[in-house]
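A look at the structure
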Amino acid sequence: MEENILIKSEKNKLGRLFLCIMACGIIIFAIISFVLVRQVLINAAEENSSYLDWGNRLNTIFFSALGFLIFPALVCGLLHLALNSYELTVTDKRIYGKVAFGKRVDLPVDSVSAIATISLLKGVAVSTSSGKISFIVMKNADEIYKVINDLIIARQSQKSAPTQITM
């Protein structure tokens, strides 16, 4: 028995946004570091201070800037990895794909008890007896919701149809 693919998820641009924010943070860090180093060296030359004192000040300034700019860049990078890995494919027999950080999921359609939309992150949440799995950052989340909802309704109508016994 072949399974027919009914719909696949399409990637949203939110993952790219986090990648751009991360790149901008690193570029800003490089510019600020260059400006601070230049200013410290100019001040050291004007005051004829020992380079050891200015080296300590330079380290303090550099690592403060590093902490303030690299931390958001790392957070955006992790968010990009987490959000960019979501994939979802719905067939007439199962729902499968990847969630955060590439974790694979495979659910038989018979085990799905409910479907919900996630409006803020543009996705769907699939509920089974063992828990809920969320698929987010999808361009076509509404269409996926409709397809899965139709599968659940079709399965329930087949189960509730009266069986006739002939003698």
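These remarks concern the structure in this document. Treat the numbers as computed from the prediction; the structure is a model and nothing was measured. (Residues numbered from 1 in each chain as written. Predicted model: local features only at pLDDT ≥ 70, side-chain atom pairs only at ≥ 80, totals over all residues. Heavy atoms only, no water.)

**What about the pairing of strand β6 (residues 123–128)?**
What counts is decided by this rule: Each residue is assigned to one of three classes by its accessible area relative to the maximum for its type, calculated with a 1.4 Å probe on protein chains only: buried under 20%, partly exposed between the two thresholds, exposed over 50%. Secondary structure counts use DSSP, requiring at least four H or I residues in a row for a helix and at least two E residues in a row for a strand, with both numbered from the N terminus. Paired strands, as defined in this entry, are two strands with at least two bridges between them according to DSSP.
Extensive coverage of β6 is indicated by the burial of 5 of its 6 residues. Turn length for the strand β5 (residues 112–118)-β6 hairpin, with the two strands adjacent in sequence and antiparallel, is 4 residues, and the turn residue Lys122 shows positive phi of about 55 degrees. Looking at chain direction, β6 and strand β7 (residues 131–135) are connected through 5 bridges and run antiparallel. Bridge assignment links Ala125 to a residue of β7, and that residue is Ser134.

**Quick word on the pattern of salt bridges**
Let me state the cut-off plainly: Here, a salt bridge means any side-chain nitrogen of Lys or Arg that lies within 4 Å of a carboxyl oxygen of Asp or Glu.
Scanning the entire structure with this criterion turns up 5 salt bridges. The salt bridge involving Lys98 is made with Glu87; its shortest N-O contact spans 3.9 Å. You can see Lys98 sitting in strand β3 (residues 94–98) and its partner Glu87 sitting in strand β2 (residues 87–91), a full 11 residues away along the chain. According to the relative accessible area criterion, Glu87 is partly exposed, its value standing at 35%.

**A word on the sheet that holds β5**
Formally: Simply put, an axis is a line fit to the C-alpha atoms, just over the touching stretch for a helix, and the angle between two N-to-C directions goes from 0 to 180 degrees.
Reading across from one edge, β5-β6-β7 is the order of the 3 strands in this open sheet, with antiparallel pairing throughout. The open sheet has two free edges, formed respectively by β5 and β7, since each of these has just one partner strand. Taken pair by pair, the neighbouring strands of this sheet meet at an average axis angle of 20 degrees, ignoring direction. When β5 meets β6, the two strands line up antiparallel, connected through 6 bridges. Note on β6: the bridge partner recorded for Val112 is Thr128.

**Describing the packing of aromatic side chains**
For any pair of aromatic rings, the description consists of the separation of the ring centres together with the inter-plane angle of the planes. Worth spelling out the cut-off: Planes of paired rings set the category: under 30 degrees apart is stacked, over 60 is edge-to-face and the rest tilted, where pairs are Phe, Tyr or Trp rings (Trp by its six-membered ring) whose centres lie within 6.5 Å. Here, a charge over a ring is recorded when the distance from Lys NZ or Arg CZ to the ring centre is within 6 Å and its angle to the ring normal is within 35 degrees.
Under the criterion given, the structure shown has 0 aromatic pairs. Lying over the aromatic face of Tyr96, Arg94 brings its terminal NZ or CZ to 4.0 Å of the ring centre.

**Concerning the sheet that holds β2**
With antiparallel pairing, the 4 strands of this open sheet are ordered in space as β1-β2-β3-β4. Two strands bound the open sheet, and with one partner strand each, they are β1 (5–8) and β4 (104–108). Averaged over all pairs of adjacent strands, the angle between strand axes in this sheet comes to 15 degrees, irrespective of strand direction.

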